[in-house]
Amino acid sequence: MTERTTRIAAGATSRLCRLLLAGLICLLLADTAVAAYRSRYINRLIYNSVEDLHEFNDNLTLTRQLSAMANRKSPATIEEEVLAKLDIVIEKVEVVLDMFPNNLAITVRILADRAAVSGVYRQKYNRKVDYVAYYSLSENTIYFSAYDTSIRVVAHEIAHAIVDHFFEVRPPYNMHELMAQFAEKHVTD
Ligand SMILES: [Zn+2]
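Computed from a predicted structure; not experimentally measured. (Residues numbered from 1 in each chain as written. Predicted model: local features only at pLDDT ≥ 70, side-chain atom pairs only at ≥ 80, totals over all residues.)

### As for the overall build of the protein chain
So, point 1. Each helix and strand in the protein chain was counted, giving seven helices and four strands.
So, point 2. The order of α-helices and β-strands along the protein chain, N terminus first, is α-β-α-α-α-β-α-β-β-α-α.
So, point 3. Taken across its 189 residues, the protein chain has 29% of its residues classed as buried.
So, point 4. Nonlocal contacts in the protein chain, meaning residues at least 24 apart in sequence, comprise 67% of its contacts between residues at least 6 apart. (Helix = DSSP H or I, 4+ residues; strand = E, 2+ residues; numbered from the N terminus. Buried ≥ 20, exposed ≤ 12 C-beta atoms within 10 Å, placed from the backbone. Contact = placed C-beta atoms within 7 Å.)

Right, here's the structure in full:
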């Protein structure tokens, strides 16, 4: 009887181990999936639906020169294509601003529309806004509305991130905004 009980207990322990192991492997796989959506300057690309990502990609039309540079990276998936385009826009904005921070690692979060972006903002800051995109200094994250995206919108928010990483002392808000507007205007030069 004791022998039998011990065997059952051992079997249960082994089942538990297998379950735990399966959970661990799932966690590792999930982690790998997140890690895959990163690039030279972007540490995480997050989206709720692949439709949003396609919409974002369709609306992010680059200039012919920038597009050729992005295509040279031979992206194979929609995530790789979006990341390749974002990296190229980041490099162009760095040239426009003449600022090359060496610690750029931005999180990019793609939401469906401006209502979703404004909703996230309202939830965090308790302020009613109508934003198509914004850069959160504290989270080092850019939120984009896929529906409203354009190269100018992307350049503007990326400029905020670059300025934020470049200066040790954060410039005044108006200067921050001025530099972002400058990048937005000249990204297509
Ligand atoms: Zn701005």
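Moving on from the coordinates now.
### Here's the deal with helix 7 (residues 173–186)
So, point 1. Across its 14 residues, helix 7 extends 20 Å between first and last C-alpha, which sits within 8% of the 20 Å expected from 1.5 Å per residue.
So, point 2. The complete set of buried residues in helix 7 reads M179, A180, A183 and E184. Looking down the long axis of helix 7, one finds its buried residues gathered within 140° of arc, a one-sided arrangement. Helix 7 presents N174 and M175 as exposed residues on the side facing more than 90 degrees away from its buried surface. (Expected span 1.5 Å × (residues − 1). Arc of directions from axis to C-beta.)

### Focus on the confidence of the model for the protein chain
Caution applies to low-pLDDT regions: their predicted coordinates should not be interpreted in detail.
So, point 1. Across the protein chain, the average pLDDT comes to 87, with 81% of residues at 70 or higher.
So, point 2. Across the protein chain, the secondary-structure element scoring lowest on mean pLDDT is helix 1 (residues 2–36), at 47, and the one scoring highest is strand 4 (residues 141–145), at 98.
So, point 3. Here residues 1–10 scores under 50 on pLDDT; set against residues more than four positions off or in separate chains, the count is zero contacts.
So, point 4. Confidence drops under pLDDT 50 across residues 25–35; counting only partners more than four residues distant or on other chains, this segment forms one contact. (pLDDT = per-residue confidence, 0-100.)

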